[in-house]
Amino acid sequence: MGIPYDTKLPPDLRALKQEIEAHAKSYGLDFYETIFEVVEGEDLNEIAAYGGFPTRYPHWSFGMAYEELKKGYDYGLSKIYEMVINNDPCYAYLMRCNHTVDQKLVMAHVYGHCDFFKNNAYFGHTSRKMMDEMANHGVRIRRHVEKYGEDEVEAFVDRCMSIDDLIDIHSTAIRRREEVSKYEFKEKEEESPRSTRFKSKDYMDDYINPPEALKAEEEEKKKVEASQKMFPEHPEKDILLFLIEYAPLKPWQRDVLSIIRDEAYYFAPQGQTKIMNEGWASYWHSTIMTERALETWECIDYADHHSGTMATSRGRLNPYKLGIELFRDIEKRWNTGRFGKEYDDCDDLEKRRNWNKDLGLGRKKIFEVRRVHNDITFIDTFLTPEFCQEHLMFSFAFNDQGKNYVIESREFQKIKQRLLFSLTNFGKPWIYVVDGNYRNRGELLLRHEHNGIDLKLDRAADTLSNVQYIWSRPVHLHTVVDNQPSLMTFDGAAHTIKSLGESDDPRKHAAPKTR
């Protein structure tokens, strides 16, 4: 009796699927049921333009993405071999024109992704029924279009999509707010504490109730009341949630912004684990193909397509290559015992080069790494000087004089620092809501946590414009421009930049405790 999900696959691909799935399970991979759909190249480009969800809401940007993918495919510049969706069951798409060896490779790669989606901690919060939720999102937005007009809804979606990265990617694992029940009522004394004044005769009052103590207590009370009036009480990084809760939006606008935010949180782990996810899938398609599934006459085609996936280009990091090589390095180190204090303290280069404790812990270790790490912790924990030297890694910088990129350093710490910096927050700036009632005018104050790189002013201006449209009052941003603390402002009509005092310098503020 066949698997019901295989009914749309041709008999030859159904047999391949069962074979590759059996191999994947024999290696210990754990994944949801996987549905493979065979589609034409043009259809796969269309699905990819929608982020893998053909039921997603309509938007012109998806059409632009489709045109770009289609031209790349038509001119032979790019080709999508596979696409897999984090869902239960997982959905994966195969291109009909692929050769048999390509279909094997793609299936093995897909099962690696499915295992990663199911078991990596950073995907734990994501909806496993996102295919259905995306369809619901599409229905809701189409209803708003029918009711309020396509131009108005699409213009608002444009603004929401342009700021969909203003979320707190760590809030899914950290409680930012204390849960408060609406049925919890405070006593009046707690809401407005009175000064501690004791009964006394008039001539003893200054001794029993010292004026200095009463004044100090009154000032402390005022400070507490002032802190309670802070809005928000602590800087908040999830700007979209703040706008949803407090911006003067119409119900349909609030619904649209909530949809954009939900989808942003769904896609965020894929950005957080790009190197690991692609490296893990590549590791397993390589292992399954070379050890189990590859026929003798398929070796050349497989090697050609695998090497094309692993190829690196100038000025661009290949996550497939870095991920697979780092997983292989971890497996080798834990098989040979090249970790721990004894190995780290060894100063004999020849002894380190031939070090082999024959522990055989490598496979177990990479499964553990796959479960608990993201790209930043993966690189920070397991990138080594030996790895960088073996793979000829270096950092590069732009040479203003020659107007080209040059090798900046081959030092391990410099390479690691540059790589981690590019991965932190997807290489985007940290922005926080500091005050929702700035200058007591209902204006919004944001702060950029400056880490040595100034904002691109044109993009910052566009972001302020879109946030201001949603907030409907002037929006301000504390940042650093040309090494000067500055305040960028958009009031709905014009952009301004004003220099501030040294006390307002975002570089001198400690990282805020977000909510």
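Refer to the preceding data block for the structure.
Rules used throughout
- Residues numbered from 1 in each chain as written.
- Predicted model: local features only at pLDDT ≥ 70, side-chain atom pairs only at ≥ 80, totals over all residues.
- Heavy atoms only, no water.
- Axes fitted to C-alpha atoms, helices over the stretch in contact; angles between N-to-C directions.
- Helix = DSSP H or I, 4+ residues; strand = E, 2+ residues; numbered from the N terminus.
- Parallel < 35°, antiparallel > 145°, perpendicular 65-115°, else oblique.
- Left-handed = near helix turned anticlockwise from the far one by under 90°.
- Contact = heavy atoms within 4.5 Å.
- Nonpolar A, V, L, I, M, F, W, Y, C, P; charged D, E, K, R; others polar.
- Pairing = 2+ DSSP bridges.
- Buried < 20%, exposed > 50% of the residue type's maximum accessible area, 1.4 Å probe, protein only.
- Polar contact = N/O pair within 3.5 Å; in protein donor to acceptor, adjacent residues only side chain to side chain.

(A) Highlighting the packing of helix H6 (residues 150–162) against helix H21 (residues 457–471). With their axes 9 Å apart at the nearest point, H6 and H21 run at an angle of 125° to one another. Classified by the angle their axes make, H6 and H21 are oblique. Two packed elements cross with a definite hand, and for H6 against H21 that hand is left-handed. Facing Phe156, Arg159, Cys160 and Ser162 of H6, the residues of H21 in contact are Ser465, Asn466, Tyr469 and Ile470. Across the contact of H6 with H21, the residue classes break down as four nonpolar, three polar and one charged.

(B) Geometry of the sheet that holds strand S2 (residues 82–85). Spatially, the three strands line up as an open sheet ordered S1-S3-S2, and their pairing is mixed. Each edge of the open sheet carries a strand with a single partner, namely strand S1 (34–39) and S2. Averaged over neighbouring strand pairs, the angle between their axes works out to 20° when direction is ignored. Note: S2 against strand S3 (residues 90–95), four bridges, orientation antiparallel. The residue of S3 that forms the bridge with Val84 is Ala92. In the packing of helix H4 (residues 100–119) onto the sheet, the strands contacted are S1, S2 and S3, and the crossing angle to S2 comes to about 25°.

(C) Seen up close, the environment of Ser162. Tracing the backbone shows Ser162 in helix H6. For Ser162, a relative accessible area of 38% translates into the label partly exposed. Spatially, the C-alpha atoms of Ser162 and Asn466 are 7.6 Å apart, while their sequence positions differ by 304 residues. Within the structure, the side chain of Ser162 is placed 2.7 Å from the backbone oxygen of Arg159, a separation counted as a polar contact.

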